[in-house]
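Spelled out, the chains give:
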Amino acid sequence: MKRTFTAPLYILATVLFGLKTYIIYRFLFNISLDNAMQEFILLLNPFVSAFLAFGLSVLFSRKWQMRYIRFISLVGSIILYINLIFYRHFSDFLTVPVLMQGSNAADLGGSVLSLIYPQDILLVLDLAIIWFLSYRYKEKMTVDYVRRKKVSTMAAIAAVVVINIGLAEVERPQLFTRGFDREYLVKNIGLFNFHVYDAVMQSKTEAQRVFADGNELPEILSYVNEEVETEKSAKFGQAEGKNVIFISLESMQSFLINNELNGEEVTPFLNSLTEDKDTYYFENFYHQTEQGKTSDSEFLVENSIYPLPRGAVFFTHGQNEYNGTPEILGQSDYTTAVFHSNNSSFWNRDVMYDSLGYDTFYDENSYDVIAEGEDQNTVGWGLMDKPFFEQSIPYLQEMDKPYYSKFITLTNHHPFDLPEEEATIDQFDSNSQTLNKYFQTARYTDEAVQQFFEQLKESGEYEDSIIVMMGDHYGISEYHNKAMSQYLGKDITPYQQVQNQRVPFFIHIPGDGNGQVMEQVAGQIDVKPTILSLLGVEAEHDIQFGNDVFAEDRKDFTALRNGDFISDEYLFTNDMCYDRLTGEPAEDMEGEEAEISGETGEQIESVCEPIQEQVTKELNYSDRIIYGDLLRFYDFQEGKEKAS
């Protein structure tokens, strides 16, 4: 009788799970691929990871092999799907610090449900096959290798892992030491190996605070003094003694400003401010947030220190010592408050605001929030922006003056839902419901801000205040690039993707009379020194990485958290250097123009490389401050390390 060959289940599971993983990588994650080598590695690493996971089953007894394979296929599928849902909103991958923020999930509600698609059921097809075969053909598909065969299998697993990592290092040198960009790690070593790497990095960063002793501060202080500090700008003290009203515009991106949909302005009020004689509008202003999104933007604004490359600093290091804007202004007799109609513990704000030095936090308990019925005034994540601003005015009037106040809006938040009766502009028509709805909620927030300006004038809070408004982070991730390309009428290249990270930044100074559109490149890291400068507040011993946006001798780049940067002349992303104004690849240095790197001693070929080295150094210094809680060793009054 002819014997039929039956492949071991661990081999079949490797093929099925590897294929599913590749399909998710290639077609559901928006991973950029620049060459054939990257294509090959992306195809290879899902099967390497699957072979590593399922191949270990040969070490188990026949009784436990099938249980192990079922368990790995289930857990692996759950990890893949959770990452997919996360990616659909954030265009990013989960990290250990983000998982520590699980308490936020209870507040996400419909935002998560909108990211689950009916066709996702197909992603469990391999799981169903593996589980069926593990029960139906248990005896035929179980292996009982002798010792030598087990050793050979382990050697084969080790070999393919080494080949994968070797190819990854060839394609991306120093892959594991340049871990700012998670996409590169997933693209080269796979999602599951990335999670292992991330867990190792988490254990290392947790140890940094324990062993920190402040010895790193002199090096960081030297860098800040030499590379960051500037002379006072001409606007220093122009708003001395004025109130500050800071408005964080949820998910507001610059492509909306002075743009139209179906012949209508999307943000007519904000557009009008770009031509207002008392307003400075910065058209090349970039958000610099990472996984902490709104909380990251707050951290940048208050500290002029970069957020972390993984997780949200509000969660992971909320009890560190800082020298935030509220604390500094409190020493100049300002009262400080945050207005945000959300759960006070969301993003760990109740803890972090105390660390930053805020006097008062007006959370959802301070507002009349009606969640249902005819008088409902909530949508999505909470109180709508118009009633939020209206109900905030009495609190603002009660504050001792001068004050520093921050307002965080909510309505223009994913999934961008809005009651039909509140919509005053049509939806866009594309394959992305997210982008389609985005224009309506952005218009609503624009109307809410206009209403707030009027209420400030009526309440007497306008004339003695400066109003600063800033988009906190992107609203439309690269997952929706096809629809964005349709709206903008251009391809979303890597260069354009960085340009899409621009967010509106307005400084409105009643009575100034010299307002204009500012072309210089700037970012959220520059907000703190700018506000302090306008108020005439000296912070000469502060440790910060931003500059007053009105200063003439500012540093010549704005760094994004993933290591990309924008300078006056160049834009760097995906290991490519572009001319910032044209978007064309920048020419390399040649001949006498070539320089020698001060970091590596090697010849510099790209015009972006010197700035890239400084960006990496600056981001690392910032991380060391946070991970080591180094500011606890620094005396901000004296400008030196504290005596031990």
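That block above? That's the structure.
No experiment lies behind these values; they were computed from the predicted model shown.

Let's shift gears to helix H22 (residues 609-627). Between its first and last C-alpha, H22 extends 27 Å over 19 residues, near the 27 Å set by a 1.5 Å rise per residue. Note on H22: the residue one or two positions beyond its end, Asp 629, has a positive phi of about 50°.

Mapped onto the secondary structure, Ser 57 falls in the loop between helix H2 (36-55) and helix H3 (62-90). If near-sequence neighbours (up to four positions away) are discounted, Ser 57 is found in contact with Tyr 10, Gln 65, Tyr 68 and Ile 69.

Moving on to the nonpolar core. Within soluble globular proteins, side chains that are nonpolar tend to cluster in buried spots. By size, the foremost hydrophobic cluster in this structure holds 74 residues, and its most contacted members are Phe 282, Ile 507, Leu 535, Ile 543 and Phe 545. The dominant element in this core, judged by the number of residues it contributes, is H22, at seven residues. With residues near it in sequence (within four places) discarded, Ile 543 still touches Leu 217, Leu 221, Val 224, Asn 303, Ile 305, Ile 625, Leu 631, Tyr 634 and Phe 636.

In this section: a nonpolar patch on the surface. Residues Leu 74, Ile 78, Ile 82, Trp 131 and Tyr 135 make up a contiguous nonpolar surface patch of about 470 Å² in total accessible area. Contributing elements (two or more residues each) for the nonpolar patch: H3 and helix H6 (125-136). Element by element, the count of residues in the nonpolar patch is highest for H3, at three residues. Here Leu 74 lies in helix H3. Under the relative-accessibility criterion, Leu 74 is labelled partly exposed at 34%.

Attention now goes to unusual backbone geometry. At the junction of Lys 401 and Pro 402, the peptide bond is cis and its omega measures out at 0° in the coordinates. Note that Pro 402 resides in the loop between helix H17 (385-398) and strand S10 (403-408). Note the cis peptide between His 414 and Pro 415, where omega equals 15°. Within the fold, Pro 415 resides in the loop between S10 and helix H18 (433-459). Although it is not a glycine, Phe 416 sits at a positive phi angle of roughly 60°. Here Phe 416 is to be found in the loop between S10 and H18. With a phi angle near 50°, Asp 629 is a residue other than glycine that sits in the positive phi range. Position of Asp 629 relative to the elements: it lies in the loop between H22 and strand S21 (634-635).

Basis of the calculations
- Residues numbered from 1 in each chain as written.
- Predicted model: local features only at pLDDT ≥ 70, side-chain atom pairs only at ≥ 80, totals over all residues.
- Heavy atoms only, no water.
- Helix = DSSP H or I, 4+ residues; strand = E, 2+ residues; numbered from the N terminus.
- Expected span 1.5 Å × (residues − 1).
- Contact = heavy atoms within 4.5 Å.
- Core = buried A, V, L, I, M, F, W, Y, C linked by side-chain atoms within 4.5 Å.
- Buried < 20%, exposed > 50% of the residue type's maximum accessible area, 1.4 Å probe, protein only.
- Patch = residues over 30% accessible without salt bridge, like charges linked within 9 Å, V, L, I, M, F, W, Y side chains within 5 Å.
- Areas by Shrake-Rupley, 256 points an atom, 1.4 Å probe, with all protein chains shown as cover.
- Salt bridge = Lys/Arg side-chain N within 4 Å of Asp/Glu carboxyl O.

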